[in-house]
Amino acid sequence: MALYVQKFGGTSVGSVERIKAVAEKVKGFRDEGHQVVVVVSAMSGETNRLIGMANEINDEPTPREMDMLVSTGEQVTISLLALALHKLGVPATSYTGSQVGILTDSAHTKARIQRIETDEMREDLDDGKVVVVAGFQGVDEEGNITTLGRGGSDTTGVALAAALGADECQIYTDVDGVYTTDPRVCSKAQRLDSITVEEMLELASLGSKVLQIRSVEFAGKYNVPLRVLSSFQDGPGTLIVAESDQDEDSMEEPLISGIAFTSNEAKLTLLNTPDVPGVASRILGPIADANIEVDMIVQNVAPAGDYTDFTFTVAKGDYKKTLKILQEQVIPDLGGGEINGDDNIAKVSLVGVGMRSHAGVASKMFRVLADENINIRMVSTSEIKISVVIDEKQMELAVRALHTAFGLDKSDIESE
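What comes next is a walk through the structure. These numbers come from a predicted model, not from an experiment.

Under the defined criterion, the tally for this structure stands at four aromatic pairs. Here Tyr-4 and Phe-29 contribute two aromatic rings whose centre-to-centre distance is 5.3 Å and whose plane-to-plane angle is 75°, an arrangement assigned as edge-to-face. With Tyr-4 in strand 1 (residues 3-8) and Phe-29 in helix 1 (residues 16-31), this pair connects stretches of sequence that are 25 residues apart. Summarising the burial analysis for this pair, Tyr-4 and Phe-29 share the class buried.

Turning our attention to the side chain of Ser-231. Looking at the element boundaries, Ser-231 is found in the loop between strand 11 (226-230) and strand 12 (238-241). In this structure the side chain of Ser-231 is engaged in a polar contact, spanning 2.5 Å, whose partner is the side chain of Ser-12. Other than its neighbours up to four places away in sequence, Ser-231 contacts Phe-8, Ser-12, Lys-25, Tyr-172 and Thr-173.

Attention shifts here to the sheet that holds strand 12. Ordered by their spatial adjacency, eight strands build an open sheet running 3-6-2-1-9-11-12-10, and the pairing between neighbours is mixed. Only two strands of the sheet have a single partner each, and these edge strands are strand 3 (92-95) and strand 10 (194-196). Put simply, the sheet's adjacent strands are angled 20° from each other on average, direction ignored. Here four bridges tie strand 3 to strand 6 (residues 130-134), and the two strands are oriented parallel to one another.

The subject of this paragraph is the packing of helix 3 (residues 63-70) against helix 4 (residues 72-87). Viewed as axis vectors pointing N to C, helix 3 and helix 4 meet at an angle of 20°, and their least axial separation amounts to 4 Å. The pairing of helix 3 with helix 4 is recorded here as roughly parallel in orientation. For the pair formed by helix 3 and helix 4, the contact residues are Met-68, Leu-69 and Val-70 on the first element and Thr-72, Gly-73 and Glu-74 on the second. For the contact of helix 3 with helix 4, a count of residues per class yields three nonpolar, two polar and one charged.

Reading guide: rules and limits
- Residues numbered from 1 in each chain as written.
- Predicted model: local features only at pLDDT ≥ 70, side-chain atom pairs only at ≥ 80, totals over all residues.
- Heavy atoms only, no water.
- Phe/Tyr/Trp six-rings, centres within 6.5 Å; stacked < 30°, edge-to-face > 60°.
- Helix = DSSP H or I, 4+ residues; strand = E, 2+ residues; numbered from the N terminus.
- Buried < 20%, exposed > 50% of the residue type's maximum accessible area, 1.4 Å probe, protein only.
- Polar contact = N/O pair within 3.5 Å; in protein donor to acceptor, adjacent residues only side chain to side chain.
- Contact = heavy atoms within 4.5 Å.
- Pairing = 2+ DSSP bridges.
- Axes fitted to C-alpha atoms, helices over the stretch in contact; angles between N-to-C directions.
- Parallel < 35°, antiparallel > 145°, perpendicular 65-115°, else oblique.
- Nonpolar A, V, L, I, M, F, W, Y, C, P; charged D, E, K, R; others polar.

This is the structure in structure tokens:
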């Protein structure tokens, strides 16, 4: 007998029929003798509907009231799923985040879990019940309902699995696992049997939307086996494991595990910036004060006492706001300079733990892009990642070319 925490996303519970199908799946695990805790999201589209209504009433809604509002979406789902399980003869009890004892800090709309009370859940599980928990939410010390941010149901699932010492946390979604890249862009993308937490963190941070990054961080921190599965078809999915859990042979196999990409990037360059100590802080400080996250940074080397160029990227949605800060605060502080901006860029990234023990990945990547006449604007590297900024219109071409060049295509894998 194993203990599974199963999380079902909005598309998986998007209708009464789909909720019934989830109940059947859960019943199957319980019939095999397993204990099951189910975490569910709101039905697809429901959270956006609630936010839309709030904005119609008040275009600057307070975070506390927004948490009170959007948390109701999951409350609907947990009760419907519990009723569906009852109809199948499966004893089940539904709980909101506050009822089950998910205690968070008081940062409304982006709260972080501090601890989880497990006594009541364990009693229900020992009594043969399925525990159904509302994802995405908790309660602070003052009893206020809090939410964990978009995608927070994944984090709820992994956190419950960690607190309960579950054998596995299963994330059911509308895809059947983690792929080498987005199959909608590259038809030869293949599903990975397994991937390390470290690689998944990189992919999630670089544009892959399969899992919320905080849930992967939680899984890594508490060593929770995490599996991505499809709600709509059977299959083994993709197991996300600590690197130490892989055997030595598998560690030597993949040089590159996946290719992530995003067009949600904008690039800004300050030309003729004084090359003196502290200038980077004077540029990025006002941007950080505006709660704008900076991604890639490149500063050209200049002769002593000369001027240089300072380039960085931000999310495309922050482009105009960042441009305004540079024009109104940074340039006056620096005593001059010019700004070049471009919000028609994309970032393409290779990710793989195999980079640690293989040389030449960057040079091969650059050669492949050059052969496709794709110009590289910026480069960023880490131990297991290489990212390049290119023109947005060439993003899909770059992904497909790199996917083939690094042997990730289905036909390449099947022939090995």
